[in-house]
Every structure is written in C-alpha cells, then in structure tokens.
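# Architecture at a glance
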Number of protein chains: 2
Amino acid sequence: MTASAPVALTEYEGACLDKDADERAIRDVLTRVGDKWSLLVVATLRNGRLRFSELQRHIPGVSQRMLTLTLRQLERDGLLVREVHAEVPPRVEYELTGMGASLVDASVALLTWALENQPAIERARTAYDARTA
Amino acid sequence: MTASAPVALTEYEGACLDKDADERAIRDVLTRVGDKWSLLVVATLRNGRLRFSELQRHIPGVSQRMLTLTLRQLERDGLLVREVHAEVPPRVEYELTGMGASLVDASVALLTWALENQPAIERARTAYDARTA
DNA sequence: CAGTATCCTCATCGATACTG
DNA sequence: CAGTATCGATGAGGATACTG
C-alpha cells in the first residue's frame, strides 16, 4: 500500500512543492483543513443537507459566530451551497457540492492515520518529555 | 474510488467524531498538518536524511526559529529523529521515522486534491465575490 | 431561526540579535 | 553550524449582546 506513494511524493517535490503557485494551493487547502471547524462541518454534511441549528447541534463547542464564518468560507470556496427558504421563521439549509464531498473522501486517509497513530504519538511525547525533563 | 469512502465516513461520524478522545486525536493531527511548516518538513525529509541547513535551503521562507520549533515538535511526536554528531563544526541530521513516512503517505490524497481542485476553488471565489459585492 | 456586531485573549509566526 | 532569546505583529477564535 505504501509502494507507490514515495513515487508520488517525489513528483510533488520535484514538480510541485518548489513552484510557488502549487505550494500556495497546497498551503491554502491545508490551512483550511487544519482550522478548527471546516473539515468537521463538511464531514457532518457528508450524509446530507442540514440547517444551521442542526449543524450547531451536531458539532459540539462551535459558536454561532465561528459556524457562520466557517460556512461562509466553505460556500465561497464552492464546497457547499447555502439555500435560504423564504419562510417565517427563516430556514437555511446547507448542502455539500460534489467538490465538497470529494474533499471529505480525500481526507479519509489522513483521518484514519490520525486515529491509528494517536497512541504512538502519545507514547512518543511521554518518552520525549521524560528524556528532556 | 469514491465508492467506499461514504461508508468510512459514516463510521467516523458514528463511531469517532462524536467521541471526545478520537476527536481530539484528529484535531491534533489536523492542526499539525495544517500548520505552516510541519508537513513541508516531513515531505522534504521523505527522500532521506538532511541536516538543519539543508532543510532550510530546501524550504524557502522558513526562519531559523520556525524550523527549530517545527523540528522539535515533530521529534517529540516521534515523526522524525534528531542525530547530533559530536564534531566541530557541529552537524545535526534529521531523518523520518516509519511513522513520519507514513504520515506523508497518508497525506498524498489530500495534497493531490488540493492541486486538482485549486482552479475550481479560485473560480468559485471569484464568482462568489462578484455575486456578493 | 439564523444570523451580526463588538470586544477581547491568546497562540502562531516573523524579524532581529546573540551564542556554544 | 545550529541553534536560543526577545520582541512585536497578526489573526484565529471565544464571549456576549443584539436583530431581521
């Protein structure tokens, strides 16, 4: 499973990471993925559209402000669409675009890695701290 | 290729993202991957060990301070090892661990996604800005 | 219900200078 | 060469209050 990855990586370094535009593209996406709520929002929307309040319930700890800001960014980037229904009380639903769904798919490997390696990381930290303390 | 991903994601939401520990593990890794230099450092080390100054040359724009901090964190997490050679002038080499290499492999899908979708994201932003301006 | 508007804090990051 | 120490800017993110 790791047989072809080194090749792919070499291509990144040679053909991509050194070029400014591609490096910016990657940093752009990684910054988004690395922020506190974006990936959690798209992952939560992976199973279907949800309204604002439903999202807030599904994502513990997110403030109204941060959820709004995150949704606006994701909408601006074309990862989800915002649908306002002209009703009283207002109803706003959010739904992933194809690109948004594909981002989740592309993130699965990294999420799996995170879960699988968390114990080893924890152990490494403990050992390091003991060594340097 | 996207056939099995939704299933995997559903498992994440049901079995993982709602549980505090796993969510912390994921956020932990995503924060690391999302920071400005970490993934760039491990990717650069993917082809073999490098010394401090070589890393700095390979990674344009990184300051001594940030490179040091990034390397210390990655070392603490067990993603690379730091080898100090008792020489004058001092020589310090950094090399990925197996876990460090596997992180790069796990990130390839996301990096590929970033490169492939960057144009579409750019277009979406332009359209959004025109719509809301 | 689905937001805005303000204020505030803290962590990240960069620049610069110094050192074993 | 491979760092450390210090300072300062920037901005992500949280708390709270208010609104169409």
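A brief structural summary. (Residues numbered from 1 in each chain as written. Chains lettered and ligands numbered in written order. Predicted model: local features only at pLDDT ≥ 70, side-chain atom pairs only at ≥ 80, totals over all residues. Heavy atoms only, no water.)

Okay, the relation of the copies chain B and chain A next. By a simple turn and slide, chain B fits onto chain A: the slide is 0.0 Å along the axis, the RMSD is 0.0 Å, and the turn is 180°. Look at the turn and shift together and you get a two-fold axis relating the two. Minimal C-alpha distance to the rotation axis in chain B is attained by Gly34(B), lying at 2.0 Å. When the interface residues of chain B are mapped onto chain A, 100% of them are again interface residues, pointing to one common binding face. (Least-squares fit on C-alpha atoms with pLDDT ≥ 70 in both. Contact = heavy atoms within 4.5 Å.)

Moving on to the sheet that holds strand 3 (residues 91-96) of chain A. Residue and element names in this part refer to chain A. Taken in spatial order, the three strands line up as 1-3-2 in an open sheet, and their pairing is antiparallel. Among the strands making up the open sheet, the edge pair consists of strand 1 (50-51) and strand 2 (80-85). One ladder, built from two bridges, connects strand 1 with strand 3; its direction is antiparallel. Opposite Leu-50, over in strand 3, you have Tyr-94 as the bridge partner. Its contacts with the sheet put helix 5 (residues 64-76) on strand 2 and strand 3, and the angle it makes with strand 2 is roughly 115°. (Pairing = 2+ DSSP bridges. Helix = DSSP H or I, 4+ residues; strand = E, 2+ residues; numbered from the N terminus. Axes fitted to C-alpha atoms, helices over the stretch in contact; angles between N-to-C directions.)

Turning our attention to the pairing of strand 2 (residues 80-85) of chain B. Residue and element names in this part refer to chain B. Sheet analysis places strand 2 next to strand 3 (residues 91-96), joined by six bridges and oriented antiparallel. By the bridge assignment for strand 3, Val-84 is matched with Val-92. The hairpin formed by strand 2 and strand 3 contains five residues between the paired strands.

DNA strand C sits among 19 residues. The nearest are Ser53(A), Gln64(A), Arg82(A), Tyr94(A) and Lys36(B). By atom count, sugar and phosphate contribute 59% of the portion of DNA strand C lying within 4 Å of the protein. In this structure, Val92(A) approaches DNA strand C through a main-chain N or O atom, which is 3.4 Å from a phosphate oxygen. At 2.7 Å, a side-chain N or O of Lys36(B) approaches a phosphate oxygen of DNA strand C. Among the secondary structure elements, those contributing two or more residues to the surface near DNA strand C are helix 4 (52-58), helix 5 and strand 3 of chain A together with helix 5 (64-76) of chain B. Among the elements that take part in the surface near DNA strand C, helix 5 of chain A stands out by supplying four residues, more than any other. Within the surface near DNA strand C, the residues separate by chemical class into eight nonpolar, three polar and eight charged. (Near = heavy atom within 4 Å. Polar contact = N/O pair within 3.5 Å; in protein donor to acceptor, adjacent residues only side chain to side chain. Nonpolar A, V, L, I, M, F, W, Y, C, P; charged D, E, K, R; others polar.)

Contacts between the two partners involve 62 residues from chain B and, on the opposite side, 62 residues from chain A. Between chain B and chain A the total buried area reaches about 5,600 Å² when both faces are included, carbon and sulfur atoms providing 65% of it. Sorting the residues of chain B by area buried against chain A places Arg76(B), Leu110(B) and Trp113(B) first, and these three jointly supply 13% of that buried surface. Here chain B is connected to chain A by eight salt bridges. Run the count over chain B and chain A and you get twelve residue pairs in polar contact (both at pLDDT 80 or more). Of all elements in the fold, only helix 1 (5-17), helix 2 (20-34), helix 3 (38-44), helix 5 and helix 6 (98-132) of chain B reach the threshold of two or more residues within the side of chain B that touches chain A. (Buried area = accessible area lost by both parts, 1.4 Å probe. Salt bridge = Lys/Arg side-chain N within 4 Å of Asp/Glu carboxyl O.)

Before going further, it helps to spend a moment on the protein's contact with DNA strand D. In the vicinity of DNA strand D lie 19 residues, with Lys36(A), Arg65(A), Ser53(B), Arg82(B) and Tyr94(B) positioned nearest. In DNA strand D, atoms within 4 Å of the protein come from the sugar-phosphate backbone in 58% of cases. At 2.7 Å from a phosphate oxygen of DNA strand D is found a side-chain nitrogen or oxygen belonging to Ser53(B). Note that a phosphate oxygen of DNA strand D is positioned 2.5 Å from one of the side-chain N or O atoms of Tyr94(B).

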